[in-house]
Amino acid sequence: MGEEMLPSAAELGRPLVVLEGVEKHFGSLHVLKNINLTVHAGEVVVVIGPSGSGKSTLCRVINRLETIDSGTISLDGKRLPEEGRDLARLRADVGMVFQSFNLFAHKTILENVTLGPTRVRKVNAKQAKEDCMALLERVGVAAQAEKYPAQLSGGQQQRVAIARALAMNPKVMLFDEPTSALDPEMINEVLDVMTGLARAGMTMVVVTHEMGFARRAANRVVFMADGEIVEDNAPEPFFTNPQSHRAQDFLSKILTN
């Protein structure tokens, strides 16, 4: 699979997210089959594949939004607990950005972003406001700080959602199809923010249909089909010379449209 193209072990940071033998069923549907995946610190892993391949479920099991049937998931050397305070603590190290923005409608943009740091991380209000204004500046929506979510475009709301996740100072960021609910003209403004994060060294797992982003920002592309990881390679060899028929078929359909 052209693994010589991947960064060497010496170039990568420590293993940050490790899935070993992960299995998941929804009733009789086998959605994750023997998933083995390691994401190193500073790495950007983009997960692609056809609908129903298990991509979003893979993303959601990493912070236990979905439970697993068997296997193990570790975050920065600690096994993910089933529930309770330890899980909440570990979850605070995992930022998550969804298709829908999930902002509190009755709170201003700034209040949405400062809520986590003040409540969970116990940052004092003045410091939290300073930090969060800097993050809103970073994602390009500082001018909207006193507005409410309904007053912002979808692209602006998603950038606020990214800032909210970053405000917790996470070790890893998970993105579950973050642009799929956006109008086409708003997609790039969100992808540009994500590309900036990738270049700044944020560890990211991104489920997306945006192949341009995968080519531009990923260290690795993980291709899933029918609940399995079929290919795992650097972007250039994956897109120019996919090894499996499933990946060849998938790419021929999406890259010609």
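Residues numbered from 1 in each chain as written. Predicted model: local features only at pLDDT ≥ 70, side-chain atom pairs only at ≥ 80, totals over all residues. Heavy atoms only, no water.

A word on the overall build of the protein
- For the protein, the helix and strand inventory stands at nine helices and ten strands.
- Here the protein has a C-alpha radius of gyration of 18 Å; the compact-globule value for 257 residues is 18 Å, and the two agree.
- Dimensions of the protein, computed from the C-alpha atoms along their principal axes, are close to 55 × 40 × 40 Å.
- Here the protein, with 257 residues, has 53% of them falling under the buried criterion.
- For the protein, long-range pairs separated by at least 24 residues make up 66% of all intrachain contacts whose partners lie at least 6 apart in sequence.
- If you sum the accessible surface of the protein, you get close to 12100 Å²; carbon and sulfur atoms cover 48% of it.
- Between the centroid of the 28 positive side chains of the protein and the centroid of its 31 negative side chains there is a distance of 7 Å. (Helix = DSSP H or I, 4+ residues; strand = E, 2+ residues; numbered from the N terminus. Rg over C-alpha atoms; globule rule 2.2 N^0.38 Å. Buried < 20%, exposed > 50% of the residue type's maximum accessible area, 1.4 Å probe, protein only. Contact = heavy atoms within 4.5 Å. Areas by Shrake-Rupley, 256 points an atom, 1.4 Å probe, with all protein chains shown as cover. Lys, Arg positive; Asp, Glu negative; His and termini not counted. Charge placed at Lys NZ, Arg CZ, Asp CG, Glu CD.)

Re the packing of aromatic side chains
- Overall, the coordinates contain three aromatic pairs when judged by the stated rule.
- The rings of Phe223, Phe238, Phe239 and Phe250 are connected pair by pair, giving a single aromatic cluster. (Phe/Tyr/Trp six-rings, centres within 6.5 Å; stacked < 30°, edge-to-face > 60°.)

Some points on the pattern of salt bridges
- All told, the structure shown has twelve salt bridges when counted by the stated rule.
- When the shortest N-O distance is used, the salt bridge between Arg14 and Asp76 registers 2.8 Å. With Arg14 in the segment before strand S1 (15-26) and Asp76 in the loop between strand S4 (70-75) and strand S5 (78-79), this pair connects stretches of sequence that are 62 residues apart.
- Under the relative-accessibility criterion, Asp76 is labelled partly exposed at 23%.
- Glu189 is paired through a salt bridge with Arg159; the nearest N and O atoms lie 2.8 Å apart. (Salt bridge = Lys/Arg side-chain N within 4 Å of Asp/Glu carboxyl O.)

Examining the packing of helix H5 (residues 154-166) against helix H6 (residues 184-199)
- Look at H5 against H6: their axes get within 8 Å of each other, and the N-to-C directions meet at 20°. Comparing the axis directions of H5 and H6 gives the class roughly parallel. Seen from above, H5 lies across H6 with right-handed handedness. Along the contact surface, H5 presents Gly154, Gly155, Gln156, Gln158, Arg159, Ile162 and Leu166, while H6 presents Met186, Glu189, Val190, Val193, Met194 and Leu197. (Axes fitted to C-alpha atoms, helices over the stretch in contact; angles between N-to-C directions. Parallel < 35°, antiparallel > 145°, perpendicular 65-115°, else oblique. Left-handed = near helix turned anticlockwise from the far one by under 90°.)

Here we look at the sheet that holds S4
- Taken together, four strands build an open sheet; the order of strands is S2-S1-S4-S5 and the sheet is antiparallel. Two strands lie at the open edges of the sheet, namely strand S2 (29-40) and S5, each paired on one side alone. (Pairing = 2+ DSSP bridges.)

Some details on the nonpolar core
- Residues Leu136, Ile162, Met173, Phe175, Met194 and Met204 are the most contacted members of the largest nonpolar core, which totals 51 residues.
- If one sorts the elements of this core by residue count, H6 sits on top with eight residues.
- Ignoring anything within four residues of it in the chain, the contact list for Ile162 reads Val97, Val139, Met173, Phe175, Val190, Val193, Met194 and Leu197.
- Ile35, Leu80, Val94 and Met224 belong to the second largest nonpolar core, which has 28 residues in total. (Core = buried A, V, L, I, M, F, W, Y, C linked by side-chain atoms within 4.5 Å.)

A few points about the packing of helix H3 (residues 109-119) against helix H4 (residues 125-138)
- It is at 9 Å that the axes of H3 and H4 come closest, and there the two elements cross at 125°. With respect to H4, the axis of H3 lies oblique. The handedness of the crossing between H3 and H4 is right-handed. Counted together, Ile109, Leu110, Val113, Thr114, Pro117 and Thr118 of H3 and Ala125, Ala128, Lys129, Cys132, Met133 and Leu136 of H4 form the full contact between these two elements.
- Partitioned by chemical class, the residues of the contact of H3 with H4 number nine nonpolar, two polar and one charged. (Nonpolar A, V, L, I, M, F, W, Y, C, P; charged D, E, K, R; others polar.)

Regarding the pairing of strand S3 (residues 44-48)
- S3 sits mainly inside the fold: five of its five residues count as buried.
- Side chains Val44, Val46 and Ile48 project from S3 onto one buried face, and the interleaved Val45 and Val47 project onto a second face that is buried too.
- Direction of pairing for S3 relative to strand S8 (residues 204-207): parallel, over a ladder of four bridges. Within the sheet, the bridge partner assigned to Val47 lies in S8 and is Val207.
- Pairing analysis gives four bridges linking S3 to strand S9 (residues 220-225), with the strands arranged parallel. Bridging from a neighbouring strand, Ile48 pairs with Phe223 of S9.

As for the side chain of Asn112
- Relative to the assigned elements, Asn112 resides in helix H3.
- At 3.1 Å, the side chain of Asn112 and the backbone oxygen of Lys107 are in polar contact.
- Every residue in contact with Asn112, bar those within four places of it in the chain, is listed here: Leu103, Phe104, Lys107, Pro149 and Arg164. (Polar contact = N/O pair within 3.5 Å; in protein donor to acceptor, adjacent residues only side chain to side chain.)

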